[in-house]
There are 2 protein chains.
Amino acid sequence: MAADSQGFLRRWHAIVEARDIPALAGILAPDVIMGPPPYWQRFEGAEMVQHLLGLVLEAIEDFTYHREWVEGDELALEFTGHVGDVELQGIDLISLDPEGRLSKLDVLIRPENAIVALRERIRPRMLAWLAERAEPGPG
Amino acid sequence: MAADSQGFLRRWHAIVEARDIPALAGILAPDVIMGPPPYWQRFEGAEMVQHLLGLVLEAIEDFTYHREWVEGDELALEFTGHVGDVELQGIDLISLDPEGRLSKLDVLIRPENAIVALRERIRPRMLAWLAERAEPGPG
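Residues numbered from 1 in each chain as written. Chains lettered and ligands numbered in written order. Predicted model: local features only at pLDDT ≥ 70, side-chain atom pairs only at ≥ 80, totals over all residues. Heavy atoms only, no water.

Asks: What exactly am I supposed to notice about unusual backbone geometry here?
Replies: Apart from glycine, the bulk of residues carry a negative phi angle, and the bulk of peptide bonds sit in the trans form. With an omega of -5 degrees, the peptide bond between R110(A) and P111(A) qualifies as cis. Mapped onto the secondary structure, P111(A) falls in the loop between β6 (102–110) and α3 (112–134). Look at R19(B): it is not a glycine, yet its phi comes out positive at around 50 degrees. Considering the arrangement of structural elements, one finds R19(B) in the loop between α1 (5–18) and β1 (28–35). Phi angles above zero are rare outside glycine, and D62(B) is one such case at about 50 degrees. Within the secondary structure, D62(B) is located in strand β3 (residues 61–71). (Helix = DSSP H or I, 4+ residues; strand = E, 2+ residues; numbered from the N terminus.)

Asks: Help me understand the pairing of strand β5 (residues 86–96) of chain A in this model?
Replies: Every other side chain in a regular strand lies on the same face of the sheet, so the side chains alternate between the two faces. Residues and elements named next belong to chain A. Here β5 lies mainly inside the structure; ten of its eleven residues are buried. What sits between strand β4 (residues 74–83) and β5 in their antiparallel hairpin is a turn of two residues, with G84 showing a positive phi close to 60 degrees. Judged from the eight bridges that link them, β5 and β6 form a sheet pairing that is antiparallel. The residue bridging I94 from the neighbouring strand is L105, located in β6. Linking β5 to β6, which pair antiparallel, is a turn of five residues; within it G100 sits at a positive phi near 80 degrees. (Buried < 20%, exposed > 50% of the residue type's maximum accessible area, 1.4 Å probe, protein only. Pairing = 2+ DSSP bridges.)

Asks: I keep staring at the packing of α3(A) against helix α3 (residues 112–134) of chain B and nothing clicks. Help me out?
Replies: When two helices pack together, you describe them by how their axes are tilted relative to each other and by the distance separating the axes. Contact geometry for α3(A) and α3(B): axes closest at 10 Å, N-to-C directions at 150 degrees. Comparing their axes, α3(B) and α3(A) come out roughly antiparallel. Here α3(A) runs over α3(B); the crossing is left-handed. Contacts between α3(A) and α3(B) involve E112(A), I115(A), V116(A) and R119(A) on the former and, on the latter, E112(B), I115(B), V116(B) and R119(B). (Axes fitted to C-alpha atoms, helices over the stretch in contact; angles between N-to-C directions. Parallel < 35°, antiparallel > 145°, perpendicular 65-115°, else oblique. Left-handed = near helix turned anticlockwise from the far one by under 90°. Contact = heavy atoms within 4.5 Å.)

Asks: Any chance you could explain α3(A) here in plain terms?
Replies: Since one α-helical turn is 3.6 residues long, residues separated by three or four positions face the same way. The terminal C-alpha atoms of α3(A) lie 32 Å apart, and with 23 residues this matches the ideal 33 Å at 1.5 Å per residue to within 8%. Residues of α3(A) that are buried include every one of E112(A), A114(A), I115(A), A117(A), L118(A), I122(A), M126(A) and W129(A), and no others. (Expected span 1.5 Å × (residues − 1).)

Asks: Teacher, can you tell me more about the relation of the copies chain A and chain B here?
Replies: The relation between the two chain copies is a rotation about an axis coupled with a shift along that axis. The transform that puts chain A on chain B rotates by 180 degrees and translates by 0.0 Å along the axis, for an RMSD of 0.0 Å. Such a combination of turn and shift is consistent with a two-fold rotation axis. Mapped onto chain B, 100% of the interface residues of chain A are again interface residues, and the two copies thus contact each other with one and the same surface. (Least-squares fit on C-alpha atoms with pLDDT ≥ 70 in both.)

Asks: What am I meant to see in the environment of A131(B) here?
Replies: Position of A131(B) among the secondary structure elements: in helix α3. Once the C-alpha coordinates of A131(B) and R121(B) are considered, the two residues, ten residues apart in sequence, prove to be 17 Å apart.

Asks: Honestly, the interface of chain A and chain B in this entry has me stumped. Any pointers?
Replies: Frequently, the measure chosen for interface size is the accessible area removed from exposure when the parts meet. Each partner contributes residues to the interface: chain A has 35 residues there, and chain B has 35 residues. For the pair chain A and chain B, the summed buried area comes to about 2,800 Å², and 56% of that belongs to carbon and sulfur atoms. Summed over the three residues of chain A that lose the most area to chain B, namely W40(A), R110(A) and E112(A), the buried surface amounts to 29% of that side. Summed over the shared surface of chain A and chain B, the number is six salt bridges. Here E74(A) ties to R67(B) by a salt bridge, and the two come within 2.7 Å at their closest N and O atoms. Viewed at the interface, chain B and chain A are joined by 24 residue pairs in polar contact (both at pLDDT 80 or more). At the level of elements, β3 (61–71), β4, β5, β6 and α3 of chain A are the ones that each hand at least two residues to the side of chain A that touches chain B. Examining the composition of the side of chain A that touches chain B, we find that eight residues originate from one element, β5(A), more than from any other. (Buried area = accessible area lost by both parts, 1.4 Å probe. Salt bridge = Lys/Arg side-chain N within 4 Å of Asp/Glu carboxyl O. Polar contact = N/O pair within 3.5 Å; in protein donor to acceptor, adjacent residues only side chain to side chain.)

Asks: Quick question: what am I supposed to make of the nonpolar core here?
Replies: Soluble globular proteins: nonpolar side chains tend toward being buried together. The biggest cluster of nonpolar side chains holds 81 residues, and the ones touching the most others in it are W12(A), I94(A), W12(B) and I94(B). Beyond its immediate stretch of four places on either side in the chain, I94(B) contacts R67(A), F8(B), W12(B), D73(B), E74(B), L75(B), L77(B), L102(B), K104(B) and L105(B). Of all hydrophobic cores here, the second largest spans ten residues; its members include A76(A), I91(B), L93(B) and L108(B). (Core = buried A, V, L, I, M, F, W, Y, C linked by side-chain atoms within 4.5 Å.)

Asks: In this structure, what is going on with the pattern of salt bridges? I would like to understand it.
Replies: Any two side chains of opposite charge can pair, given that their charged atoms come close. Scanning the model with the defined rule gives 20 salt bridges over all chains in all. One salt bridge in this structure joins R101(B) and D97(B), with 3.0 Å as the shortest N-O distance. Bridged by salt links that share partners, the residues R42(A), D106(A) and R110(B) form one connected network.

Asks: What exactly am I supposed to notice about the sheet that holds strand β5 (residues 86–96) of chain B here?
Replies: Sheet strands pair via backbone hydrogen bonds, and the direction of the pair is either parallel or antiparallel. Residue and element names in this part refer to chain B. The strand order across the open sheet formed by six strands is β2-β1-β6-β5-β4-β3, and the pairing between neighbours is mixed. On the outer flanks of this sheet lie β2 (43–44) and β3, each paired with one strand and no other. Sheet topology note: the strand β4 (residues 74–83)/β5 ladder contains ten bridges and is antiparallel. Within β5, the residue paired with T80 across the bridge is Q89. The sheet strands contacting helix α2 (residues 46–59) are β1, β2, β3, β4 and β6 (102–110), and the helix crosses β1 at an angle near 50 degrees.

Rendered as C-alpha cells:
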C-alpha cells in the first residue's frame, strides 16, 4: 500500500502550526530515525524523536514552511526561521512507511552559525531530559 | 514558457558526473545566486557561482546523488559524500528561470563538522581567486 502523503502532510502542518507535540505520537513510526543538523549519528525511536522535534520547534522562532516536494513516500519541505538574531533556511527530508507514518527525518539547515545557535539552545535541554529518563522512578 | 526541468537535470548530472566546470557556463543564468552551506549571504553572478560550484565539486569526495524531487521549475537533489574522513549528506535546492537555466541554488548540508571541513577546504582557494580577479592585468 502506498503511503497517503497528502494525508500525512495535512496532519504534519496542523501539528507544527499548533506546536502540538503530543499529537506527534500519532504520526511517528515506532522505529523512526532522525538525523539532526549538528550530528551525523541518527536518533532512534518515537519517544526520542518526538522529544527532539519538540525542542527544535521550540528553539526555531517564526518557523515557516515554503516550497514542498512530494515523490510518492518521499517528501522535502523547505522552511525558514531564526534562533535569536541568527536567520536560517532549512529542509525536512521525510520518508513515510507503508502506513503513512514518519519513518525517517533528516533536517538540514544553513548557515553554519544557525546550526551552532540551534545546538547550543537544544543541547542542555536534551541532556536534562536524558538524565531525567535515566533516573530510577520514586519508590 | 515553463522551464524544461528534465532537460536541465540531464545536463546538470552529466556536468557533475564529468566534473565539467566550464560546461556550467551554459546552464547558469547571468544573474544566478547561490546560498552556500556556511554563510547566510548569497553569492551573485554566473562567473562567481561557476567558480564556487567548481570548488565545492572538487572538495566533496565520492559526490553521489540520491533522491530527486521536481515540482515545475523547483528542484531538490539529495547527495552524499565526504570531505577527508568527514561524511556528509546534502541537498541542492534549485530554481530554474523560464529559459531552463539555473537562477538560484541553495546548498544545505549536515552535519556541522562537514560544513566546517568544507569551508576550511574552499575558503583559501576562493580568497586566492578573488585576489587574482582584483589585480589589474599585465600592461
